[in-house]
Structures are given as structure tokens and as C-alpha cells.
Amino acid sequence: MGRLIYLDNNATTQMAPEVINAISEAQSVVYGNASSMHSFGREANKLVEDARSNIASLLECSTDEITFTSGASEANNTVFMIAKSLIEKKGSGRIVTTTIEHPSIIETVKYLKENGIHVDQVPVARDGRIKIDELKKLMGPDVVLVSVMTGNNETGAIQPIAEVSEIAHSYGALFHTDATQAIGKIKVSCKDWNLDYLSCSGHKFYGPKGVGILFAKKGVPFMPFVHGGEQEHGRRAGTYNTISIYGTGIAAKLAQENLDEENRRLWKMREALREGILKTVPHVVVNGCQDQQFCLPGTLDVSFENVEGESILLMLDMNGIAVSTGSACATGSLEPSYVLLAGGLDVELAHGSIRFSFGRFNTMEDVEYVLEVLPPIIERLRAISTR
Ligand code: PMP
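So, here is what we can say about the structure in this document. Everything numeric in this text was worked out from a predicted model, so none of it was measured.

### Side note on the sheet that holds strand β6 (residues 174–178)
What the seven strands build is an open sheet, ordered β2-β8-β7-β6-β5-β3-β4; its pairing is mixed. Taken across any chain shown, the strands that pair with only one partner, and hence form the sheet edges, are β2 (66–69) and β4 (118–122). Neighbour to neighbour, the strand axes of the sheet diverge by 20° on average, direction disregarded. Of the pairings in the sheet, the one linking strand β5 (residues 143–147) to β6 comprises three bridges and is parallel in character. Each bridged residue has a counterpart across the sheet, and for Leu145 the counterpart in β6 is Leu174. Here helix α3 (residues 72–90) sits on the sheet and contacts β2, β3 (94–98), β5, β6, β7 (197–201) and β8 (212–216); the angle it forms with β5, its principal contact strand, is near 165°.

### Quick word on the site of the ligand
In the vicinity of the ligand there are 14 residues, among which Ser73, Asp178, Gln181, Ser201 and Lys204 approach most closely. Here an oxygen atom of the ligand and a side-chain polar atom of Ser73 are 2.7 Å apart. In this structure, Ser201 approaches the ligand through a side-chain N or O atom, which is 2.5 Å from an oxygen atom. When the ligand sits alone it has 400 Å² of accessible area, and the protein chains cover 87% of it.

### Here's the deal with empty space enclosed by the protein
According to the stated counting rule, one finds three cavities of 30 Å³ or more in the structure shown. Its volume calculated, the second largest cavity comes out at about 80 Å³. Around the second largest cavity, the lining residues are Ile100, Val124, Ala125, Arg126, Gly128, Thr155, Asn287, Gly288, Val339, Leu340, Gly343 and Leu345. Within the lining of the second largest cavity, the residues separate by chemical class into six nonpolar, five polar and one charged.

### Considering helix α2 (residues 39–59)
Over its 21 residues, α2 extends 30 Å from the first C-alpha to the last, a length consistent with the 30 Å expected when each residue adds 1.5 Å. Three or more residues of α2 are buried, namely Gly41, Ala44, Leu47, Val48, Ala51, Arg52, Asn54, Ile55, Ala56, Leu58 and Leu59. Those residues of α2 hidden inside the fold are in contact with α1 (17–27), β2, β7, β8 and α7 (242–280). Two residues or fewer after α2 comes Glu60, characterised by a positive phi angle close to 55°.

### Considerations on the sheet that holds strand β12 (residues 353–357)
Read across the open sheet, the three strands follow the order β9-β10-β12; overall the sheet is antiparallel. Whereas interior strands pair on both sides, the edge strands pair on one side only; in this sheet they are β9 (284–287) and β12. The sheet shows a mean angle of 25° between the axes of neighbouring strands, taken without regard to direction. Bridge count between β9 and strand β10 (residues 299–304): four bridges; the pairing is antiparallel. Following the sheet pairing, Val286 is matched in β10 by Val302. Most of the contacts of helix α8 (residues 309–318) go to β12, to which it runs at about 45°, and overall it touches β10 and β12.

### Regarding the side chain of Thr299
Mapped onto the fold, Thr299 is located in strand β10. Non-local contacts of Thr299, meaning those with residues more than four positions away in its chain, are made with Asn10, Asn153, Glu154, Thr155, Gly156, Arg270, Arg355 and Phe356.

### Some thoughts on the packing of α7 against helix α11 (residues 364–384)
Axis separation between α7 and α11 bottoms out at 10 Å; the angle between their running directions is 20°. It follows from the interaxial angle that α7 and α11 lie roughly parallel. Between α7 and α11 lies a crossing whose hand is right-handed. Between α7 and α11, the residues in contact are Lys268, Met269, Ala272, Leu273, Gly276, Ile277 and Thr280 and Met364, Val367, Val370, Leu371, Leu374 and Pro375, respectively. Its residues assigned to classes, the contact of α7 with α11 comprises 10 nonpolar, two polar and one charged.

### Notes on the pattern of salt bridges
Overall, the coordinates contain 20 salt bridges when judged by the stated rule. Across the pair Lys218 and Asp64 runs a salt bridge whose closest N-O atoms are separated by 3.9 Å. Of this pair, Lys218 sits in the loop between β8 and α7 while Asp64 sits in the loop between α2 and β2, and the two are 154 residues apart along the sequence. Across this residue pair, the class does not change: Lys218 and Asp64 are exposed. A salt bridge links Lys137 to Glu134; the nearest nitrogen and oxygen atoms lie 3.4 Å apart. Placement of both Lys137 and Glu134 in helix α5 (residues 132–138) is noted, with a separation of three residues, approximately one turn of the helix. Classification of Lys137 by relative accessible area gives exposed; the value is 63%. Overlapping salt bridges, with partners in common, bring together Glu60, Lys187, Lys191 and Asp192 in one network.

### Concerning the packing of α3 against helix α4 (residues 103–114)
Running from amino to carboxyl end, α3 crosses α4 at an angle of 30°, the nearest separation of the two axes being 9 Å. By the angle between their axes, α3 is roughly parallel relative to α4. For the element pair α3 and α4, the recorded crossing hand is right-handed. Contacts between α3 and α4 pair Ser73, Asn76, Asn77, Phe80, Met81 and Lys84 from the former with Ser104, Ile105, Thr108, Val109, Tyr111 and Leu112 from the latter. For the contact of α3 with α4, a count of residues per class yields six nonpolar, five polar and one charged.

Cut-offs and rules
- Residues numbered from 1 in each chain as written.
- Predicted model: local features only at pLDDT ≥ 70, side-chain atom pairs only at ≥ 80, totals over all residues.
- Heavy atoms only, no water.
- Pairing = 2+ DSSP bridges.
- Helix = DSSP H or I, 4+ residues; strand = E, 2+ residues; numbered from the N terminus.
- Axes fitted to C-alpha atoms, helices over the stretch in contact; angles between N-to-C directions.
- Contact = heavy atoms within 4.5 Å.
- Near = heavy atom within 4 Å.
- Polar contact = N/O pair within 3.5 Å; in protein donor to acceptor, adjacent residues only side chain to side chain.
- Areas by Shrake-Rupley, 256 points an atom, 1.4 Å probe, with all protein chains shown as cover.
- 1 Å grid on protein atoms, 1.4 Å probe; cavity = no way out; pocket = protein on both sides within 12 Å on 5 of 7 lines; lining within 4 Å.
- Points joined across faces, edges and corners; volume = space filled by probe spheres on them.
- Nonpolar A, V, L, I, M, F, W, Y, C, P; charged D, E, K, R; others polar.
- Expected span 1.5 Å × (residues − 1).
- Buried < 20%, exposed > 50% of the residue type's maximum accessible area, 1.4 Å probe, protein only.
- Parallel < 35°, antiparallel > 145°, perpendicular 65-115°, else oblique.
- Left-handed = near helix turned anticlockwise from the far one by under 90°.
- Salt bridge = Lys/Arg side-chain N within 4 Å of Asp/Glu carboxyl O.

Laid out in C-alpha cells, this is it:
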């Protein structure tokens, strides 16, 4: 096999070697049920609680505000179902969210609307950032929950979370952010942003797959989404995924230690690729935010005129380079990305978009290789294009 370059870190990341080592060691000796009272259970419980305290430290919250779930999708669903229950109990109320959330929210919104819940979605500008004026227009005392993602998985656009949180609270609404793409890349603080709920997922920051984190501020309404046993103080039933939760805790610690350096390194690679593409490939549009402070550092989304994104993806894959078109979750549909369309991008350009997403294990040599391989691919595809 030739060279392999993974530039799809927003879809998921490979586990950090420290995580692999820790969980390999633990899984051969720790197998008790973390809820059991005997020594095997207590040993397993210690791993879960160690992870909880690392994660609380990363998110700047306290340990009893963290609930483990199966992923960010479940955490997002839980929050929206809490809002549904509140609205149903009161007999009135509304949810306000955006048009660019992850499918685990967009599809939940569809489900809620079909079931009689009123949900409004704030539009975004060309740079992928929400229109604050439109948000303000949609606000009112009947809004129960506002949910705005921290950073977008496709464009990388970062939203003004502290400001949105303040707006939501000024109307008496609860505020939730899906910070899945932001953790480990920018500083995320439940305290500074005055969050009521936050969702994220360990596999986006070099932890194992299948562990989600739901922060719920002390005292905010909470209803379980998965009913059953008394795990997580009755907030989320199901036997603890002990080893993976432990691995997520190790990953959280590394994320906290490496945050600033990681941010700088990712941005440097992203910028080198962006500049290189603009220099070597004509007729391209860089999507999303260009201002560093409003952009996830490792995300670069580019539209190539007169080429299908899927063709570029396959040609890059043949050369050992893994990227994505739209979000991984939407792949297979061949529909252009709803996130790019929501930002007002032309349909043709949305069809020709590619997302490069850098991670901890990429190097500048990867950028150089992509810049060698990509321009001739685009040239060839354009030469045979019927568009
Ligand atoms: N939210 C965002 C912004 C995401 O990027 C993802 C993963 N693609 C999710 C939620 C869902 O995370 P999980 O895979 O842990 O359910």
C-alpha cells in the first residue's frame, strides 16, 4: 500500500496511542459492572469516575453535572426530548435552533415538528455564522430551549456562544450547545458560557467510539431518554461502557494539555492547504468562515467549480487521501450539503464541495502531498466534465 493520509478527522479520529495503551491494559483486568458493590465493581467504577473528573476539568464544570451516553447523537436527543416534555407539561412553548445543526438535531427537529412541537430555525450568513438579528426576532418569553452548535462539522464556522447564551437567558429560555466539533480544538467552558446543557463525543478528540458526554447544569430540568436501571443517578440507564469511558477520560486529559498547541498546528496546516489550493487550482470557492477566531482550526471546506465532489473524493481515495463531501452522515445520498445551501451557496458549487479536516496526527508533509495530487485530479475531472 502506498501513502495513506487521513484528512477526515471531523468524521472521527483515530485513538491517541496513550488512550490505546491505557484501555489495552485496563480491559484485560477490569471487567466488573461499574454499578456492582463488590471490589470488581468498585474497580470499574473508579475508572468511570476518573474519566468524569478529567472531563469535568476539560469542560469547566463539576463532576455531578456530567452524564455519559452512547454518543453526542444521544446527548442531543436527550436535550430536545427534555424540551418536548417541558412544552407538553406547560401546554405551550417553543424551541429555537439553527438550520445548520448536525443531523442528530435536524432530524430530531423534524420528528418534533411532526409531533406538534413548534420549532424555529435561525438562518446563517454566507460565512456560516448565525444571523443574530434573526435570532433576536425569533425570541420571546414562550421559548423554552435555544440550541446553537459551537462549531460546524462542515464549514468549521464557530458561533458566538456566550452571546447567544445571554440572549436565550434574557428571555428565560434554557440554552444548549452541541460542542462535538469544538472540544480539543478551541476552549469550551460551561462556566464562562453559562451553559445549561452541552453535548459532545469522545471519538472526535482521539477517544474510543460510542461514548457521549452530556453536561446538564445543576438544577436544570432533566428527564432520561433511555429508561431502565439507576445508572448515572437514573439519568441514563444501561451498563457502563467502562473501558471506553475510561479511554475518553484519558483523551480529555490529553485534549486539555494540548489545546493551544493543537489549535496552532491545525490552523497552520489548514491555512497552508487553503493557500496552496488557491494558488494551484483556478475557480474554487472557500466555504465558511475565513477569520481565524470564528473558524475551527482544522477544517477547510472548498467548492470546485464544474466538478462533482464525489468524483474528487474517489480520485483522492485512489491516491490514499481520505476526505469527505458534506457530512459523513449525509454521504450516500448524493444530495448537496444542506449546511452549505443554508449559507446561500449555489447548488452547483455545493455539489462540488470537499471537506478536508486535519487532526493531531497530520503533518505539513500531508499538505504537500495533497497539493501534488489534487490539482491534476481537478484538471482531469474538469476536462471530462459534462457540467
Ligand atoms: N454533533 C456534531 C456536530 C457532530 O459532528 C457529530 C458527529 N458527526 C455528532 C453530533 C454525533 O456524534 P456521535 O457520533 O457521537 O453520535
